[in-house]
Every structure is written in C-alpha cells, then in structure tokens.
Amino acid sequence: MTSRRDFLRGRISRPAPVLRPPWALDEGDFLAACTRCDACIRACPTGILEHGGTGPVVKFANGECTFCGKCVDACEPGALLRADRPPWSARAAIGPQCLALANVVCRSCGDACPATAIRFHPRLGGAALPAIDNGLCTGCGACVAPCPARAIGIA
Ligand code: SF4
Ligand code: SF4
Ligand code: SF4
C-alpha cells in the first residue's frame, strides 16, 4: 500500500526550473544559441511553447508535447538539437493538492496519460492514490491540464 509519506516523498512543491522545448541544449548552451526568434513557438501544433524571459518555455496549461519535433526542425540556430538523445529528463510529479489525499475519488490524470504511467493504489478507508511510474512517464504533460486541483507539475 502506498503511504501518504511515500506518496509525498520528493514531490513537495519546489521552485520549478524553467522547462525549455524538447531537445534543448543544456541551459548555458541554449541561452548562448537561442536568438529568441520564436520560430519554435509558431511551429508547435499543440501550442505549449510560450515566451519566457530568456527564451521559449513549455507551459502545459492547455496541452501536451507529442514529441513531434517540429520545434526542433524550426530552430535554425540549433538551440534545439534532436541528435540521438531523449527530448528531456522532465517527469511528472504529483503534489499535496491531489484530491485523492483528501479522500476525493479522482482519476483524471490516469485517464489522460497516454503512457499508462499513472497507477492507482487502493487504500483502506480512503480514495485510491495515484503513483507515477518514472520508467514509463515521458514528461509529456498530458496529465497537467485535466487535474482539477492543479496538483501535477513537470520538472
Ligand atoms: S515536439 Fe512538437 S508538440 Fe512538442 S513542443 Fe515541439 S513542436 Fe510542440
Ligand atoms: S527556434 Fe530556436 S532560436 Fe528560435 S526561439 Fe526557438 S529555441 Fe530559440
Ligand atoms: S507527463 Fe505524460 S507520461 Fe507522464 S504521467 Fe503525465 S500524462 Fe503520463
């Protein structure tokens, strides 16, 4: 059974680092290469790229990353570079606002996850608790917007 402590471990909200578009160079190299041309923002079919103070950032409020790579293709300066590496190391984390912790039955995140990375563990006397399998999670962000409690972050 998943305890409250296990559920929360490592998942307490912390200042979220900026999430750059997928396949971004390491932050220092990215900042040096990005010309803030906005081509990636215009290319993204799901509209998840926005202006950040220092270049494009990902916001999952309205959608998910499908890892289509169109942003990378649009990036002529090479600040986004697909090469042979994963798009990012970001993964989903569920915070203490999760309704299940307050015994409200909710499976919105699990229903939205295309990777079936969110499993629900039954609890005696309480709503089943979601747990994310980091081995399956791609950090796509599809679970973020459907969460009624805004409990999920990607970092
Ligand atoms: S990979 Fe596709 S969906 Fe993801 S941010 Fe780039 S353009 Fe958008
Ligand atoms: S397309 Fe490349 S250079 Fe232009 S804003 Fe996006 S990351 Fe920066
Ligand atoms: S970020 Fe994507 S893969 Fe990971 S748990 Fe959320 S919906 Fe599933």
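About the thresholds
Residue indices begin from 1 for each chain and proceed along its sequence in written order. Here chains are named by letter from A upward and ligands by number from 1 upward, in the order in which they appear as written. Owing to the predicted nature of the model, reporting of local features is limited to residues with pLDDT of at least 70; listing and counting of side-chain atom pairs is limited to 80 or more, with chain, interface and lining totals taken over all residues. By convention in this description, side-chain values take in all heavy atoms of the structure and omit both hydrogens and water. Secondary structure elements are taken from DSSP: a helix is a run of H or I of four residues or more, a strand is a run of E of two residues or more, and numbering for both begins at the N terminus. Three labels apply to residues, based on accessible area from a 1.4 Å probe with only protein chains included: buried if under 20% of the type maximum, exposed if over 50%, partly exposed otherwise in between. In this description, contact between two residues means that some pair of their heavy atoms is separated by no more than 4.5 Å. Note on areas: Shrake-Rupley with a 1.4 Å probe; residue coverage comes only from the protein chains shown. Note on terminology: near, applied to a residue and a molecule or strand, indicates that one of the residue's heavy atoms is within 4 Å of it. When residue character is reported, Ala, Val, Leu, Ile, Met, Phe, Trp, Tyr, Cys and Pro are called nonpolar, Asp, Glu, Lys and Arg charged, and the others, Gly included, polar. For our purposes a nonpolar core is just a set of buried Ala, Val, Leu, Ile, Met, Phe, Trp, Tyr and Cys residues, chained together by side-chain atoms within 4.5 Å. These domain boundaries are the output of an automatic or database domain assignment. Working definition: rings of Phe, Tyr and Trp (its six-membered ring) pair if their centres are within 6.5 Å, and the pair is stacked with planes under 30 degrees apart, edge-to-face with planes over 60 apart, and tilted otherwise. We call a charge positioned above a ring when the Lys NZ or Arg CZ atom is no farther than 6 Å from the ring centre and deviates by at most 35 degrees from the ring normal. Confidence scores per residue from the predictor, reported as pLDDT, run from 0 to 100.

With that settled, the discussion passes to the overall build of the chain. Tallying secondary structure elements over the chain gives five helices and six strands in all. Listed N to C, the secondary structure of the chain is α-α-α-β-β-α-β-α-β-β-β in terms of helices and strands. Each of the 155 residues in the chain was classed as buried or not, and the buried ones make up 41%. The long-range fraction of contacts in the chain, counting pairs at least 24 apart against all pairs at least 6 apart in sequence, stands at 63%. Of the roughly 8,500 Å² of accessible surface on the chain, a fraction of 53% belongs to carbon and sulfur atoms.

A word on the site of ligand 2. Within the structure, ligand 2 sits among 13 residues, and Cys34, Cys37, Asp38, Cys40 and Cys75 are positioned closest to it. In terms of residue class, the shell around ligand 2 is built from ten nonpolar, one polar and two charged.

It is worth spelling out the site of ligand 1 at this point. The environment of ligand 1 is made up of 13 residues, and the closest members are Cys44, Cys65, Cys68, Gly69 and Cys71. When its residues are assigned to classes, the shell around ligand 1 shows nine nonpolar, three polar and one charged.

Time to look at the nonpolar core. Within the largest apolar cluster, 42 residues are counted, with the highest numbers of intra-cluster contacts made by Leu49, Phe60, Leu80 and Ile152. Of all the secondary-structure elements, those providing two or more residues to this core are α2 (27–33), α3 (39–43), α4 (70–74), β3 (92–94), β4 (118–123), β5 (126–132) and β6 (152–154). Here this core gets four residues from one element, more than from any other, and that element is β5. Looking at this core, you find at least three residues from each of domain 1 (4–14 + 90–154) and domain 2 (20–88). In contact with Leu80, other than residues within four places in its own chain, are Pro21, Pro22, Trp23, Ala24, Phe30, Cys40, Cys71, Val72 and Cys75.

Another aspect to go through is the environment of Phe60. Locating Phe60 in the fold gives a position in the loop between β2 (55–58) and α4. The class of Phe60 is buried, set by a relative accessible area of 8%. For Phe60 and Ala145, which are 85 residues apart along the polypeptide, the C-alpha to C-alpha distance reads 6.6 Å. In contact with Phe60, other than residues within four places in its own chain, are Leu19, Ile48, Cys65, Trp88, Gly139, Cys140, Gly141, Val144, Ala145 and Ile154.

This part covers the packing of aromatic side chains. For the coordinates displayed, the defined rule picks out three aromatic pairs. Seen in terms of ring centroids, Trp23 and Phe67 are 6.3 Å apart; in terms of plane orientation they differ by 85°. Their pairing is edge-to-face. Taken together, the residues span a long stretch of sequence, with Trp23 in the loop between α1 (4–8) and α2 and Phe67 in the loop between β2 and α4 at a distance of 44 residues. Taking 6.3 Å as the distance between ring centres and 85° as the angle between the ring planes, the aromatic pair formed by Phe60 and Trp88 counts as edge-to-face. Here Phe60, found in the loop between β2 and α4, pairs with Trp88, found in the loop between α4 and β3; they are 28 residues apart in sequence, far enough to count as distant. Aromatic ring contacts, followed pair by pair, group Trp23, Phe60, Phe67 and Trp88 into a single cluster. The ring of Trp23 carries Arg82 above its face, with NZ or CZ at 4.4 Å from the centroid.

Here the focus is the confidence of the model for the chain. Averaged over all residues, the pLDDT of the chain is 91; the fraction at 70 or higher stands at 90%. Note that residues 6–15 has pLDDT below 50 and, in this model, 17 contacts with residues that lie over four places away or in other chains.

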